[in-house]
Amino acid sequence: MIRLDALSVDFDERFQLHDIKWTLRPGEHWLITGANGSGKSALAAVLAGDGDRLSGTLEGVPERVALVSYERQADLIAAERRKDDADILDVMSEGTPVAEILGDGCEDLDLARNLVDTLGARPLMNRAFRKLSTGETRKVMLIRALTSRADLLVLDEPFDGLDHDSLIWLQGHLCELAETTPMVIVLNRFDECPDFVTHVAYVDDGRLPLCVERGDEQAYAELYQLLHLKTSDLEIPAADPAAQLPALDPDKPLVQLTGATVRYADNTVFEGLDWTIEPNQSWQLSGPNGSGKTCLLQLITGDHPQCYVNDINIFGYQRGTGESIWEIKQFIGYVSTALQWEYTVSTGLRNVIISGFYDSIGLYTKSTDAEKTIADEWLALLGISDRAEEPFNRLSFGDQRLVLIARAMVKHPPLLILDEPCLGLDDMNRQLVLALVERICLGSETSVLYVNHREQDRVAGIDNHLTLSDNTGA
Amino acid sequence: MANYFNTLPLRAQLAELGKCRFMHLNEFSDGVEALRGKKMVVIGCGAQGLNQGLNLRDSGLDVSYALRDEAIAQQRQSWKNATENGFTVGTYEELLPTADVVLNLTPDKQHTNVVETIMPMMKHGACLSYSHGFNIVEEGMQVRDDITVIMVAPKCPGSEVRAEYVRGFGVPTLIAVHEDNDPNGVGLALAKAYAVGTGGHKAGVLMSSFIAEVKSDLMGEQTILCGMLQTGSLLCFDKMVDEGIDAAYASKLIQYGWETITEALKYGGVTNMMDRLANPAKIRAFELSEELKDIMRDLYNKHQDDIMTGAFSSGMMADWANDDAKLLGWRADTAETPFEKTPASDMEIAEQEYFDNGILMVAMVKAGVELAFETMTAAGIIAESAYYESLHETPLIANTIARKKLYEMNATISDTAEYGCYLYNHACVPLLADFMTGITSDMIGKGLDIADTGVDNAHLIEVNEAIRSHPVETIGSVLRGHMADMKRIV
Ligand SMILES: NC(=O)c1ccc[n+]([C@@H]2O[C@H](COP(=O)([O-])OP(=O)(O)OC[C@H]3O[C@@H](n4cnc5c(N)ncnc54)[C@H](OP(=O)(O)O)[C@@H]3O)[C@@H](O)[C@H]2O)c1
Ligand SMILES: [Mg+2]
């Protein structure tokens, strides 16, 4: 059993893995996955002894670990170059031939010959290793690893650059090998995941937040979706040009509350609160339960009846001067658990997203083709294109949340309010929601107002903070 | 004051009863303009008053509340409702003289008293609006000539009026202008703007008359909506207990059964409700409902006749004058019935089981809906109106029984509806006594034996045809189609 406990590892000060807890038991085969730059290759390389341990422990790694990765490949080629430099003869060296590289450490000659033929590497045998193309080098590395009789095989993107036939063959071969040799495979694409893989590790930002058992179909599907959000290069779908929101004065605040107070007969929720939200300015609002976070938001959205007795200037309207709440709501995208509970409709997902154009719960108007197209783009972004017609109330809680965020964003509102968007979600869905919110923060001109007290759910790019304390105002 | 309807010649009576038109969404393109900047003052802050006011304010209109002095002095619930929601609250003297529109949303029983008090304070040319026409039609209230009198009547309880608005929708609404009080010809424009302000225009507006509204509203609530559900609850419960079915199960089957069964009605009318039964059960329910209709037809006719002649309202007004003696007595009796007193079992009942074991309940709903609709249309009420006052509202009332049985239903509906409901129940329970002796637990409580599942094809086709071709189904599919156009979630 291999066990990593609270392990932090540094890689030449370029990258660090933090606080990794991971156990690989006999008989398990793992897939490591995550976005580019998340640290999945680093985690794989740790098993092969790479990196400098900063803290924590790493136990039970077998002696002979074979690693195939771009980094190893690059190291080997660099080593070949150094050999050249070290050569003081005035004859140009050809470098080490492939045959020699393959012979070094080979434990199964028959298999090596077989692999060379099957992968079409025969013509490479007498060529210098450092003169091969990347794809060719990769084949050589693979053959070397597979014939080394290692006790643990770590393959980082093994299928990259292989032609179709080689790929099929290799998959079959790995399958056989899995009977005897534990494997850890790094893959960017989930759909190439070999059948023998029993567990999936999801790496994000140098951490290992999730491990999922292959047999847990729902968790597996969600991980797929998460990876899709993290890795696909889909853009946030554009707004509908036919449904332009009225222009706002760019020099005026989006929201200005002056001396805001919410008071009931027997209790004052907060009083004398001043708060200004400027265009393109994102905020995190936090505070304990009962401090009035939701009340404050409702003053902004117009859902709190006391918005009419407060001094609120919002999107150019002074509240209580004859504006309708729909004129206010058109500028706001809103997601909360309460909304989700309210949204108990059997409407299909596409229509739920379209309802965001109308700020309604359920859809009461015929939608346009443009709206449908945009809704479909959002479904694609969420990785659930095939479920456009599925009734909303049959979705998992986490998926509902994602769809409601898409609904809130569909019209590209100047202000997106996310009231505890991770509340009630498990780790996986929390990751999914945060991935989506990050994408939104990156890709649009929306001011995000993020309400959450969980430190670890902070979103990159939100730098203004307002904290409400328990019933005593800000 | 005389019954206004009875003062009209027959031709005018029929014309008023037949007034009903489903309005097009594009007739509301002026939005709330006719009311913008006008001062709207609501009298009473109860179920309708509070919720209509919240919607109107959120639509950009100027709303405040005039409450009677006691309510303000004692800071009653109505005062709390208005102040906690940030509305201006004042006395009649403070608010009425400057009001452009006065919304009378007090209980119907109080209308004469309230209107007589406020009328002298209203400014010249103002508008008085109602959400139910009882005071004008049955009590013959005479409103000052310079005042415009309109009605905007949401066909749902106040809580729904608000909830649907917040979702971006509304509830079906009936509007009317009292022809005798439209001196400036602005009544319709004001009523339309008011319906937009409450969100009603999105769900469908019926342009009708005070008379058609009152006569159909009374008929619906007394018979199918409240009366039939009350009678059905009591009879079905007693029968199940007689047949040896666990009382707690029986209590649950009824309490939640009406809601479950009529949910199917809401989506696809009587046809869909009947389709939820297996074929042999459907045929059985059909036969029972035919039998029930034959037995109850005269009773439905009597209710409609008494409503038309004004006998019903004068009887009820006599009870008002007698400190509600009858109403309060009947209310107490209802609380003592075995159904009301037996707590529902906490066992699970699957959705389909409510249909399978509730064949008689399905038959009662079908018989009640069809009879009420037939009786109303025969009396000259237009089909659209009859549909809203029968089939459309049944699920809404059934929901209240699911919450807290008959107590909750009778607490939620108006006193007028409650009085009519007891009246119906008192006549209907004995009327069905004979019929009930023939009922066994396969029709209520246990469901049909799995063994007898055979049906005759020809007979089944006949039954299906009869269900589908009933006029309430024809108008129902048109109106639900209108709704569905706008409201795809239904
Ligand atoms: N409920 C429904 O489903 C429904 C549906 C459509 C239409 N309507 C119609 O809407 C109207 C109001 O019904 P509702 O159900 O909203 O009534 P409600 O909930 O009983 O509210 C009545 C309000 O009027 C006040 N009030 C009572 N007696 C009064 C008096 N003598 N003078 C002044 N104010 C008085 C009460 O407050 P205080 O006692 O504190 O003063 C209370 O706030 C009725 O015409 C009804 O037919 C009702
Ligand atoms: Mg009614």
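Rules of the game
- Residue positions are given per chain, counted from 1 along the sequence in the order it is written.
- Numbering of ligands from 1 and lettering of chains from A proceed in the order in which they are written.
- For this predicted model, a pLDDT threshold of at least 70 governs which residues receive local features, and a threshold of 80 or more governs which side-chain atom pairs are given and counted, while totals over whole chains, interfaces and linings are taken from all residues.
- Side-chain measures here rest on the full set of heavy atoms in the structure, leaving out hydrogens and waters.
- By the criteria applied, helices consist of DSSP H or I runs no shorter than four residues and strands consist of E runs no shorter than two, each listed in order from the N terminus.
- Each polar contact in these results corresponds to two N or O atoms within 3.5 Å; when the atoms are within protein, one needs to be able to donate a hydrogen and the other to accept it, and residues that are neighboring in sequence are counted only if both atoms are side-chain atoms.
- Here, two residues are considered to be in contact whenever any of their heavy atoms come within 4.5 Å of each other.
- Each residue gets one of three labels from its accessible area relative to the maximum for its type: buried under 20%, exposed over 50%, partly exposed in between, using a 1.4 Å probe on protein chains only.
- Only strands that DSSP links by at least two bridges are regarded as paired with each other.
- Orient the strands so they point away from the viewer, and a crossover whose first-strand-to-second-strand path over the helix runs clockwise is right-handed.
- Note that water is not among the atoms considered, so a metal site may appear incomplete; the donors listed are N, O and S atoms within 2.8 Å of the metal, with 3.2 Å applied to Na, K and Ca.
- How far each domain reaches was decided by an automatic or database domain assignment.
- For any pair of parts, buried area is found by adding up, for both, the accessible area (1.4 Å probe) each one loses once the two are put together.
- Salt bridge, as used here: a side-chain nitrogen of Lys or Arg that lies within 4 Å of a carboxyl oxygen of Asp or Glu.
- The convention used is that axes are lines fitted to C-alpha atoms, helices contributing only their stretch in contact, and that angles between N-to-C directions extend from 0 to 180 degrees.
- Put simply, a disulfide is two cysteine sulfurs that come within 2.5 Å.
- Only the six-membered ring of Trp is used, alongside the rings of Phe and Tyr, when aromatic pairs are assigned; centres must lie within 6.5 Å, and planes under 30 degrees apart are stacked while those over 60 apart are edge-to-face, with the rest tilted.
- For a lysine, the NZ atom is tested; for an arginine, the CZ atom; a charge sits over a ring if that atom is within 6 Å of the ring centre and within 35 degrees of the ring normal.
- Only Asp, Glu, Lys and Arg are considered charged, only Ala, Val, Leu, Ile, Met, Phe, Trp, Tyr, Cys and Pro nonpolar, and every remaining residue, Gly among them, polar.
- Just so you know how the angles are binned, under 35 degrees is roughly parallel, over 145 roughly antiparallel, 65 to 115 roughly perpendicular, and the rest oblique.
- Handedness of a helix crossing follows the sense of rotation of the near helix relative to the far helix, less than a right angle counterclockwise being left-handed and clockwise being right-handed.

## A closer look at the side chain of Gln255(B)
Residue and element names in this part refer to chain B.
Line of reasoning, step 1. Following the sequence through the fold, Gln 255 ends up in helix H13 (residues 247-275).
Line of reasoning, step 2. Engagement of the side chain of Gln 255 in a polar contact is seen with the backbone oxygen of Ala 402, the distance being 3.0 Å.
Line of reasoning, step 3. Those residues within four positions of Gln 255 in sequence are excluded, and the remaining contacts are Phe 339, Ala 344, Ile 401, Ala 402, Arg 403, Lys 404 and Lys 405.

## Here we look at the environment of Gly316(A)
Line of reasoning, step 1. Along the chain, Gly316(A) turns up in the loop between strand S13 (311-314) and strand S14 (317-318).
Line of reasoning, step 2. A sequence separation of 36 residues divides Gly316(A) from Val352(A), and the C-alpha atoms of the two residues are 29 Å apart.

## Topic: the pairing of strand S3 (residues 62-66) of chain B
Residue and element names in this part refer to chain B.
Line of reasoning, step 1. When you tally the buried positions in S3, you get four out of five residues, the bulk of the element.
Line of reasoning, step 2. As defined by bridge partners, strand S2 (residues 39-43) adjoins S3 across five bridges and the pair is classed as parallel. Along S3, the bridge assignment pairs Met 40 with Val 63.
Line of reasoning, step 3. In the classification by handedness, the crossover that spans S2, the intervening helix H3 (residues 47-58) and the parallel S3 is right-handed.
Line of reasoning, step 4. Alignment of S3 against strand S4 (residues 88-90), held across three bridges, turns out to be parallel. If you follow Ala 66 over to S4, its bridge partner there is Gly 90.

## Topic: the coordination of the magnesium ion (ligand 2)
Residues and elements named next belong to chain B.
Line of reasoning, step 1. Within the protein, the atoms that donate to the magnesium ion (ligand 2) are Asp 217 (OD) and Glu 393 (OE), at distances of 2.0 to 2.8 Å. Of this pair, Asp 217 sits in helix H12 (residues 210-242) while Glu 393 sits in the loop between helix H20 (383-392) and helix H21 (394-412), and the two are 176 residues apart along the sequence. One exposure class covers both Asp 217 and Glu 393, and it is buried.

## A short note on the domain arrangement of chain A
Residue and element names in this part refer to chain A.
Line of reasoning, step 1. Splitting chain A by domain gives domain 1 (2-227) and domain 2 (284-291 + 322-467).
Line of reasoning, step 2. Look at where the C-alpha atoms of domain 1 and domain 2 centre, and you get two points 39 Å apart.
Line of reasoning, step 3. Residue-level contacts link 11 residues of domain 1 with 12 residues of domain 2.
Line of reasoning, step 4. Looking at the side of domain 1 facing domain 2, the largest losses of area belong to Glu 222, Gln 225 and Leu 226, adding up to 64% of the total buried there.
Line of reasoning, step 5. Counting across the interface, domain 1 meets domain 2 through zero salt bridges.

## So, unusual backbone geometry
Line of reasoning, step 1. Here Asp205(A), not a glycine, exhibits a phi torsion of approximately 55°, which is positive.
Line of reasoning, step 2. The topology assignment puts Asp205(A) in the loop between strand S8 (199-204) and strand S9 (207-213).

## Overview of the sheet that holds S8(A)
In a beta sheet, neighbouring strands pair by backbone hydrogen bonds and run either parallel or antiparallel.
Residue and element names in this part refer to chain A.
Line of reasoning, step 1. Here we have six strands laid out as an open sheet, ordered S5-S6-S7-S3-S8-S9, and mixed in their pairing. Only two strands of the sheet have a single neighbouring strand rather than two, namely strand S5 (65-68) and S9. Shown here is a sheet whose adjacent strand axes are inclined to one another by a mean of 15°, direction ignored.
Line of reasoning, step 2. Looking at chain direction, strand S6 (residues 152-156) and strand S7 (residues 183-186) are connected through four bridges and run parallel. Bridge pairing in S7 links Asp 156 to Val 186.
Line of reasoning, step 3. Running at roughly 145° to strand S3 (residues 30-34), helix H1 (residues 40-47) makes contact with S3, S5, S6, S7, S8 and S9 of the sheet.

## Things to note about the state of the cysteines
Line of reasoning, step 1. Summed over the entire model, instances satisfying the criterion amount to zero disulfides over all chains.
Line of reasoning, step 2. Summary of cysteine pairing: Cys45(B) is not part of a disulfide, and the nearest cysteine sulfur, belonging to Cys307(A), is at 16 Å.
Line of reasoning, step 3. Judged by relative accessible area, Cys45(B) falls into the buried class, the value being 2%.

## Considering the packing of aromatic side chains
Line of reasoning, step 1. Per the stated rule, a full pass over the model turns up 13 aromatic pairs over all chains.
Line of reasoning, step 2. Put simply, the rings of Phe312(B), Trp330(B), Tyr419(B) and Tyr422(B) touch in pairs and so form one group of aromatic residues.
Line of reasoning, step 3. When the ring centre of Tyr308(A) is taken as reference, the NZ or CZ atom of Arg319(A) above it lies at 4.9 Å.
Line of reasoning, step 4. Above the face of the Phe87(B) ring, Arg57(B) is positioned so that its terminal group lies 3.8 Å from the ring centre.

## Description of the pairing of strand S1 (residues 2-11) of chain A
Residue and element names in this part refer to chain A.
Line of reasoning, step 1. Burial runs high along S1: seven of the 10 residues are buried.
Line of reasoning, step 2. Bridge analysis of S1 against strand S2 (residues 15-24) gives seven bridges, and the strand direction is antiparallel. Note on S2: the bridge partner recorded for Val 9 is Leu 17.
Line of reasoning, step 3. Between S1 and the antiparallel strand that follows it, S2, lie three residues; Asp 12 among them carries a positive phi value of about 50°.
Line of reasoning, step 4. Across six bridges, the pairing between S1 and strand S4 (residues 52-59) is antiparallel. Residue pairing in the sheet places Arg 3 in a bridge with Glu 59 of S4.

## Let's talk about the domain arrangement of chain B
All names here are of chain B.
Line of reasoning, step 1. Parsing chain B into structural domains produces domain 1 (20-208) and domain 2 (212-486).
Line of reasoning, step 2. Here domain 1 and domain 2 have C-alpha centroids that lie 31 Å from each other.
Line of reasoning, step 3. The interface of domain 1 with domain 2 comprises 25 residues on the first partner and 28 residues on the second.
Line of reasoning, step 4. Between domain 1 and domain 2, roughly 2300 Å² of surface is buried when both sides are summed, and carbon and sulfur atoms account for 68% of that area.
Line of reasoning, step 5. Its salt-bridge partner being Lys 109, residue Asp 324 comes within 3.1 Å of it at the nearest N-O pair.
Line of reasoning, step 6. Where the side of domain 1 that touches domain 2 is concerned, the elements lending two or more residues are strand S1 (20-22), helix H8 (134-137), strand S7 (148-154), helix H11 (200-203) and strand S9 (205-208).
Line of reasoning, step 7. Considered class by class, the residues forming the side of domain 1 that touches domain 2 number 13 nonpolar, five polar and seven charged.

## A short note on the pattern of salt bridges
Line of reasoning, step 1. All chains considered together, the criterion is met by 43 salt bridges over all chains.
Line of reasoning, step 2. The shortest N-O distance in the salt bridge between Arg319(A) and Glu323(A) comes to 2.6 Å. Like Arg319(A), the residue Glu323(A) is buried in the burial classification.
Line of reasoning, step 3. Taking the shortest distance from any N to any O, the salt bridge between Asp399(A) and Arg387(A) comes out at 3.6 Å. Of this pair, Asp399(A) sits in helix H13 (residues 397-409) while Arg387(A) sits in the loop between helix H12 (369-381) and H13, and the two are 12 residues apart along the sequence.
Line of reasoning, step 4. By relative accessible area, Asp399(A) is classed as buried at 5%.
Line of reasoning, step 5. Here the residues in one salt-bridge network are Glu290(B), Lys293(B), Asp294(B), Arg297(B), Lys366(B), Glu370(B) and Glu374(B), joined through shared partners.

## With respect to the sheet that holds strand S16 (residues 415-419) of chain A
Residue and element names in this part refer to chain A.
Line of reasoning, step 1. Read across the sheet, five strands follow the order S15-S16-S17-S12-S18 without closing on themselves; strand pairing throughout is parallel. In the strand order of this sheet, the two ends are held by strand S15 (332-336) and strand S18 (464-467), each with one partner. Each neighbouring strand pair of the sheet contributes to a mean axis angle of 15°, computed without reference to strand direction.
Line of reasoning, step 2. Bridge count for S15 against S16 is five bridges, and the pairing is parallel. The residue bridging Gly 333 from the neighbouring strand is Leu 416, located in S16.

## Some thoughts on the packing of H13(B) against H21(B)
Residue and element names in this part refer to chain B.
Line of reasoning, step 1. Relative to each other, H13 and H21 sit at 155°, their axes nearing to 8 Å. Between H13 and H21, the angle is such that the two are roughly antiparallel. Considering how the two elements wind past one another, H13 and H21 form a crossing that is left-handed. Together, Ser 251, Gln 255, Tyr 256, Trp 258, Glu 259, Thr 262, Leu 265 and Lys 266 of H13 and Thr 394, Pro 395, Ala 398, Asn 399, Ile 401, Ala 402, Arg 403, Lys 404 and Lys 405 of H21 make up the contact between the two elements.

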